[in-house]
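# Structural overview for review
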Amino acid sequence: MLGDCLEIIDTRSFERKIVIGDGGCPALYTEGGQTSLGKIEGYYDVKIHDGQIYALFSGLSKKKLREDMRNGVSTPLGGNLIKVFDLRGNLMKTYELDFYSNGFCIDKKSHSLVMLDPNGENPVRICDL
């Protein structure tokens, strides 16, 4: 969940591929006398559907989130980006949501995402793919 790193393992051949985005791998870092893991919020949920990987991603700075919390500013839970990869880890497209979600399911019949919204008044949202 921390960093911008996605590991894909082929369960037949056990071949693995690691996809590292701009946010990089989670790593320990020290700032202001505090040690933390990861500089950004990363992936919250991952699903495979129709030969594609759908990954819910945040990318929010952990430093900014901590500052906002200290200053009493409300911070969102979850991610607002759906990154779609092929099974080899190539990024195909990115959807930007107008809300933050901490989990989702794929409804194969309606070809939509059923998303959980812990921040809003409607805890369940549906997004067409």
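Presented here is a report on the structure given in the accompanying data block. (Residues numbered from 1 in each chain as written. Predicted model: local features only at pLDDT ≥ 70, side-chain atom pairs only at ≥ 80, totals over all residues. Heavy atoms only, no water.)

### Observations concerning the sheet that holds strand S11 (residues 124-128)
Here is the rule: In this description, strands pair whenever DSSP reports at least two bridges between them. Under the scheme used here, helices are H or I runs from DSSP no shorter than 4 residues and strands are E runs no shorter than 2 residues, and both carry numbers assigned from the N terminus. Axes here refer to lines fitted to C-alpha atoms; in helices the fit is confined to the stretch in contact. Angles between the N-to-C directions go from 0 to 180 degrees.
Across the sheet, which stays open at both edges, the 3 strands sit in the order S9-S10-S11 with antiparallel pairing between neighbours. Sheet topology places strand S9 (103-107) and S11 at the edges, where each strand pairs with a single neighbour. Each strand axis lies, on average, 25° off the axis of its neighbour in the sheet, ignoring direction. Examined bridge by bridge, strand S10 (residues 112-116) and S11 share 5 bridges and lie antiparallel to one another. Paired with Val-114 across the bridge in S11 is Ile-126.

### Side note on the nonpolar core
Convention followed: Residue types Ala, Val, Leu, Ile, Met, Phe, Trp, Tyr and Cys, when buried and joined through side-chain atoms within 4.5 Å, form a set referred to as a nonpolar core. Burial classification: accessible surface area is computed with a 1.4 Å probe over protein chains only, and a residue below 20% of its type maximum counts as buried, one above 50% as exposed, and the rest as partly exposed. Between two residues, a contact is recorded if the distance between any of their heavy atoms is within 4.5 Å.
Residues Tyr-54, Leu-56, Ile-82, Val-84, Leu-97, Phe-99, Phe-104, Ile-106, Leu-113, Met-115 and Cys-127 constitute the largest nonpolar core, which totals 11 residues. Breaking this core down by element, the ones donating at least two residues are strand S6 (52-57), strand S7 (79-86), strand S8 (91-101), S9 and S10. Beyond its immediate stretch of four places on either side in the chain, Ile-82 contacts Tyr-54, Ala-55, Leu-56, Lys-93, Thr-94, Tyr-95, Leu-97, Phe-104, Leu-113 and Met-115. In terms of nonpolar packing, the next biggest core, distinct from the first, is built from 10 residues, Ile-8, Ile-53, Leu-81 and Phe-85 among them.

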